[in-house]
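Residue strings, one per chain:
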Amino acid sequence: MAEQRILPTVEDTEALGRELAAELRAGDLIVLDGPLGAGKTALTRGIAAGLGVQGRVSSPTFIIARQHRAGTHPGAIPLVHVDAYRLGGHLDELDALDLDTDLDEAVVVVEWGLGVVEHLTDRHLRIHLHREPDSDTRTATWEWIAHT
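Asks: Whenever I open this one, the overall build of the protein chain confuses me. Can you help?
Replies: Scanning the protein chain for helices and strands turns up 4 helices and 7 strands. When the helices and strands of the protein chain are read in sequence order from the N terminus, they spell out β-α-β-α-β-β-α-α-β-β-β. Within the span of the protein chain, comprising 148 residues, buried residues form 45% of the whole. Contacts spanning at least 24 positions in sequence make up 64% of the contacts within the protein chain whose residues lie at least 6 apart. As displayed, the protein chain has an accessible area near 7700 Å², and 50% of this comes from carbon and sulfur atoms.

Below, the structure is given as structure tokens:
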């Protein structure tokens, strides 16, 4: 069953990411969907904060994938943040990122990954973000999707 939340500010988007992170484990795949400016990177910053990763989280658009090491506190999980926009659905480039290896040890968040990365796991968390025109208000809809 899909859940939905209205997110009036960027801080609310990051807070949702921190909440979602509390339920994530190494091996989880999160697929972020939504137009430019919808809050995909802000949500990922919240997820990273909730997981306790090291380093600043920013969009990996030009490097495609950015790895964030786990923090030093017990239970911290590494994060791999991928921007699949520039891959354009080219699976050979996706395979070169070796994400299936990362999935054993980290949470993997893929922006623009819908229809591209779902095959990497038995299930994934799909999060759709929508931003109201001329507003900072966003709507997030999310659900776990199992692959059969």
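Asks: Explain the packing of aromatic side chains to me, please; I cannot follow it from the model alone.
Replies: Centre distance and the angle of the planes are the two values used to describe a pair of aromatic rings. Enumeration according to the criterion identifies 0 aromatic pairs in this entry. Lying across the ring of Trp144, Arg123 places its NZ or CZ 3.8 Å from the centre.

Asks: Explain the pattern of salt bridges to me, please; I cannot follow it from the model alone.
Replies: Where charged atoms from two side chains of opposite charge approach closely, those side chains can pair. Per the stated rule, a full pass over the model turns up 5 salt bridges. The salt bridge partner of Arg5 is Glu19, with a shortest N-O separation of 3.0 Å. Of this pair, Arg5 sits in strand β1 (residues 3–7) while Glu19 sits in helix α1 (residues 10–21), and the two are 14 residues apart along the sequence. Judged by its relative accessible area of 29%, Arg5 falls in the partly exposed class. Owing to a relative accessible area of 43%, Glu19 belongs among the partly exposed residues under this scheme.

Asks: How should I be thinking about the packing of α1 against helix α2 (residues 40–51) in this particular structure?
Replies: Helix packing for two helices is described by the angle between their axes and how far apart those axes are. Running from N to C, α1 and α2 cross one another at 45°; their axes reach a closest spacing of 6 Å. As far as their axial angle goes, α2 and α1 are oblique. Viewed along their axes, α1 and α2 form a crossing whose handedness is right-handed. Contact residues: Val10, Thr13, Glu14, Leu16, Gly17, Arg18 and Ala21 in α1; Ala42, Leu43, Arg45, Gly46, Ile47, Ala49, Gly50 and Leu51 in α2. Among the residues making up the contact of α1 with α2, the classes are represented as 8 nonpolar, 4 polar and 3 charged.

Asks: How should I be thinking about the side chain of Thr41 in this particular structure?
Replies: With respect to the helices, strands and loops of the structure, Thr41 is situated in helix α2. For Thr41, a relative accessible area of 16% corresponds to the buried category. Of the polar contacts made by the side chain of Thr41, one reaches the side chain of Glu111; its length is 2.9 Å.

Cut-offs used in this document
Residues numbered from 1 in each chain as written. Predicted model: local features only at pLDDT ≥ 70, side-chain atom pairs only at ≥ 80, totals over all residues. Heavy atoms only, no water. Helix = DSSP H or I, 4+ residues; strand = E, 2+ residues; numbered from the N terminus. Buried < 20%, exposed > 50% of the residue type's maximum accessible area, 1.4 Å probe, protein only. Contact = heavy atoms within 4.5 Å. Areas by Shrake-Rupley, 256 points an atom, 1.4 Å probe, with all protein chains shown as cover. Phe/Tyr/Trp six-rings, centres within 6.5 Å; stacked < 30°, edge-to-face > 60°. Lys NZ or Arg CZ within 6 Å of the ring centre and 35° of its normal. Salt bridge = Lys/Arg side-chain N within 4 Å of Asp/Glu carboxyl O. Axes fitted to C-alpha atoms, helices over the stretch in contact; angles between N-to-C directions. Parallel < 35°, antiparallel > 145°, perpendicular 65-115°, else oblique. Left-handed = near helix turned anticlockwise from the far one by under 90°. Nonpolar A, V, L, I, M, F, W, Y, C, P; charged D, E, K, R; others polar. Polar contact = N/O pair within 3.5 Å; in protein donor to acceptor, adjacent residues only side chain to side chain.

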